[in-house]
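Here are the chains, one letter per residue:
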Amino acid sequence: MTNLEKLIRHFEKFPGIGSRQARRFAFHLLTESKENVAELSELISSIQNAVSECPSCFRFFSRYGNEIECTICSNTLRDRTKLLVVERDTDVDATERSRVYDGLYFVLGGTVPLLDSREDIKVRGGALKHTVEARLKDGLKEIILAFGINPDGENTARYVQHLIRDLIAETPVTISELGRGLSTGSELEYADPETIKHALQARRRIA
Ligand SMILES: [Zn+2]
């Protein structure tokens, strides 16, 4: 396999990228200046050392020193009574842009597909339980489920509810989900800040 073919294979592994787009990326690099390509390759090779996964919310964050938690989890001004559970890091970014939410987050790492009977669910269920337990000691009152408005998102919400039911049984913690605003089939990541703001403000209690 040539280096060009290897590069195309790497791009094909990117989320949402097919083989035709992967080829376009690779050929695009050939037209870029040497400086740009050098900067890009330097960024790619250093990104894993410069970025850490937060042990509380599991989002990736850029480290400046030896801090352990991300800037959101370690910010004492954030409302620690609220925990918003999302699928991906990009959902956190989208929600932060709406500037209406001041609580904490948990990144589940994906969805639990409705039509998938595999036993090994690839989301951070155990870690979520752990974080909820820790947040309970911190005054947690509300868990907001913010998954995509589609069958997989709804199934994921059911999975999370079932997962934490016993944990919050004897506590004042309520569970809510995003209200109207996000249309059917839409995902948080692609929603504009205004839409997310309305969906959060119109959230309703489900448990
Ligand atoms: Zn965090």
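Attention here is on the structure that accompanies the text. (Residues numbered from 1 in each chain as written. Predicted model: local features only at pLDDT ≥ 70, side-chain atom pairs only at ≥ 80, totals over all residues. Heavy atoms only, no water.)

As paired elements, strand S5 (residues 142-145) and strand S6 (residues 174-177) share 4 bridges and run parallel to each other. If you follow Ile-143 over to S6, its bridge partner there is Ile-175. The β-α-β motif built from S5, the intervening helix H6 (residues 151-168) and the parallel element S6 has right-handed crossover chirality. Sheet topology places S6 next to strand S7 (residues 204-205); 2 bridges connect them, and they run antiparallel. Its bridge partner being in S7, Ser-176 is matched across the sheet by Arg-205. (Pairing = 2+ DSSP bridges. Helix = DSSP H or I, 4+ residues; strand = E, 2+ residues; numbered from the N terminus. Right-handed = clockwise from strand over helix to strand, strands pointing away.)

Looking now at the layout of surface pockets. A volume near 270 Å³ is recorded for the largest pocket. Contributing to the lining of the largest pocket are Leu-7, His-10, Phe-11, Phe-14, Leu-29, Val-37, Leu-40, Ser-41 and Ile-44. Those elements that place two or more of their residues in the lining of the largest pocket are helix H1 (3-12) and helix H3 (34-50). At 4 residues, the largest contribution of residues to the lining of the largest pocket is made by H3. In terms of residue class, the lining of the largest pocket is made up of 7 nonpolar, 2 polar and no charged. (1 Å grid on protein atoms, 1.4 Å probe; cavity = no way out; pocket = protein on both sides within 12 Å on 5 of 7 lines; lining within 4 Å. Points joined across faces, edges and corners; volume = space filled by probe spheres on them. Nonpolar A, V, L, I, M, F, W, Y, C, P; charged D, E, K, R; others polar.)

Attention now goes to the sheet that holds S6. Reading across the sheet, the 5 strands line up as S4-S3-S5-S6-S7 and stay open at both edges, with mixed pairing between neighbours. The open sheet terminates on both sides in strands that have one partner only, identified here as strand S4 (103-107) and S7. Here 5 bridges tie strand S3 (residues 79-86) to S4, and the two strands are oriented parallel to one another. For Leu-83, the partnering residue across the bridge sits in S4 and is Leu-104. Packed on one face of the sheet, H6 meets S5 and S6 and runs near 165° to S5. (Contact = heavy atoms within 4.5 Å. Axes fitted to C-alpha atoms, helices over the stretch in contact; angles between N-to-C directions.)

For helix H5 (residues 125-136), built from 12 residues, the straight-helix expectation of 16 Å at 1.5 Å per residue is met to within 8% by its first-to-last C-alpha distance of 16 Å. For H5, every residue scored as buried is listed here: Gly-125, Ala-127, Leu-128, Thr-131, Val-132 and Arg-135. Down the axis of H5, the smallest arc covering the buried residues is 155°, so these residues share one side. Away from its buried face by more than 90 degrees, H5 exposes Gly-126 and His-130. Where the residues of H5 are buried, they touch S3, S4, S5 and H6. (Expected span 1.5 Å × (residues − 1). Buried < 20%, exposed > 50% of the residue type's maximum accessible area, 1.4 Å probe, protein only. Arc of directions from axis to C-beta.)

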